[in-house]
Amino acid sequence: FKAIDGHGLSRVDFFLDKKTNHVYLNEINTLPGFTSFSMFPLLWENAGLPYSETIERIVELGYERYYAQNRRKTD
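Residues numbered from 1 in each chain as written. Predicted model: local features only at pLDDT ≥ 70, side-chain atom pairs only at ≥ 80, totals over all residues. Heavy atoms only, no water.

> Looking at this structure, how should I read the environment of Asn26?
Its place among the elements puts Asn26 in strand E2 (residues 23-29). With 11 residues separating them in the primary sequence, Asn26 and Phe15 have C-alpha atoms 6.9 Å apart. When near neighbours in sequence (up to four residues on either side) are disregarded, Asn26 contacts Asp13, Phe14 and Phe15. (Helix = DSSP H or I, 4+ residues; strand = E, 2+ residues; numbered from the N terminus. Contact = heavy atoms within 4.5 Å.)

As structure tokens, this is what we get:
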């Protein structure tokens, strides 16, 4: 994810060769399935952040990142 300068939410699928311990990248899903039954929101729900608030926070983080990037270019 870092290699492609990715930001925000994603899921990176990979394979591990048990004989060599080499990791092979399969694909990067920049917006994986995101329902109330998906793993990411369920983990946050378990930590006390409801699904709707998880979505709101992701949107807020996107706005914050956009603002920070665009403000730097004009300052």
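The structure having been displayed, the exposition proceeds.
> Would you mind showing me how to read the pairing of E2 here?
Sheet faces and side chains relate simply in a regular strand, where the side chains alternate between the two faces. In the sheet, strand E1 (residues 11-16) pairs with E2 via six bridges, with the strands oriented antiparallel. Directly across from Arg11, in E2, lies its bridge partner Asn29. From the end of E1 to the start of E2, which pair antiparallel, there are six residues, and Asn21 there has a positive phi angle of about 65°. (Pairing = 2+ DSSP bridges.)

> What am I meant to see in the environment of Leu61 here?
Looking at the element boundaries, Leu61 is found in helix H2 (residues 51-74). For the pair Leu61 and Ala47, spaced 14 residues apart in sequence, the C-alpha separation works out to 19 Å.

> What exactly am I supposed to notice about the pattern of salt bridges here?
Where charged atoms from two side chains of opposite charge come close, those side chains can pair. What the rule picks out here adds up to three salt bridges. Glu60 is the salt-bridge partner of Arg57, the closest N and O atoms lying 3.2 Å from each other. A residue pair is termed a helical-turn pair when its members lie 3 or 4 positions apart in one helix, as Arg57 and Glu60 do in helix H2 at three residues. Given the relative accessible area of 34%, Arg57 is considered partly exposed. On the basis of relative accessible area, Glu60 is assigned to the partly exposed category, the value being 38%. (Salt bridge = Lys/Arg side-chain N within 4 Å of Asp/Glu carboxyl O. Buried < 20%, exposed > 50% of the residue type's maximum accessible area, 1.4 Å probe, protein only.)

> Could you clarify how one ought to interpret the layout of surface pockets in this entry?
Gaps left between atoms are located by rolling a probe of water-molecule size over the structure's atoms. What the largest pocket holds in volume is close to 280 Å³. Lining the largest pocket are His7, Gly8, Leu9, Phe40, Trp44, Leu49, Thr54, Arg57, Ile58, Leu61, Gly62 and Arg65. Of all the secondary structure elements, the ones that give two or more residues to the lining of the largest pocket are helix H1 (39-46) and H2. The residue makeup of the lining of the largest pocket, split by class, is six nonpolar, four polar and two charged. (1 Å grid on protein atoms, 1.4 Å probe; cavity = no way out; pocket = protein on both sides within 12 Å on 5 of 7 lines; lining within 4 Å. Points joined across faces, edges and corners; volume = space filled by probe spheres on them. Nonpolar A, V, L, I, M, F, W, Y, C, P; charged D, E, K, R; others polar.)

> Got a minute to help me understand the packing of aromatic side chains in this structure?
In this description, a pair of aromatic rings is defined by centroid distance and the angle of the planes. According to the stated counting rule, one finds three aromatic pairs in the structure shown. Geometrically, the ring pair formed by Phe40 and Trp44 is edge-to-face, given 6.5 Å between the ring centres and 70° between the ring planes. Of this pair, Phe40 and Trp44 both sit in helix H1, separated by four residues, roughly a single helical turn. Feature note: the residues Phe34, Phe40, Trp44 and Tyr51 constitute an aromatic cluster, connected by ring pairs. (Phe/Tyr/Trp six-rings, centres within 6.5 Å; stacked < 30°, edge-to-face > 60°.)

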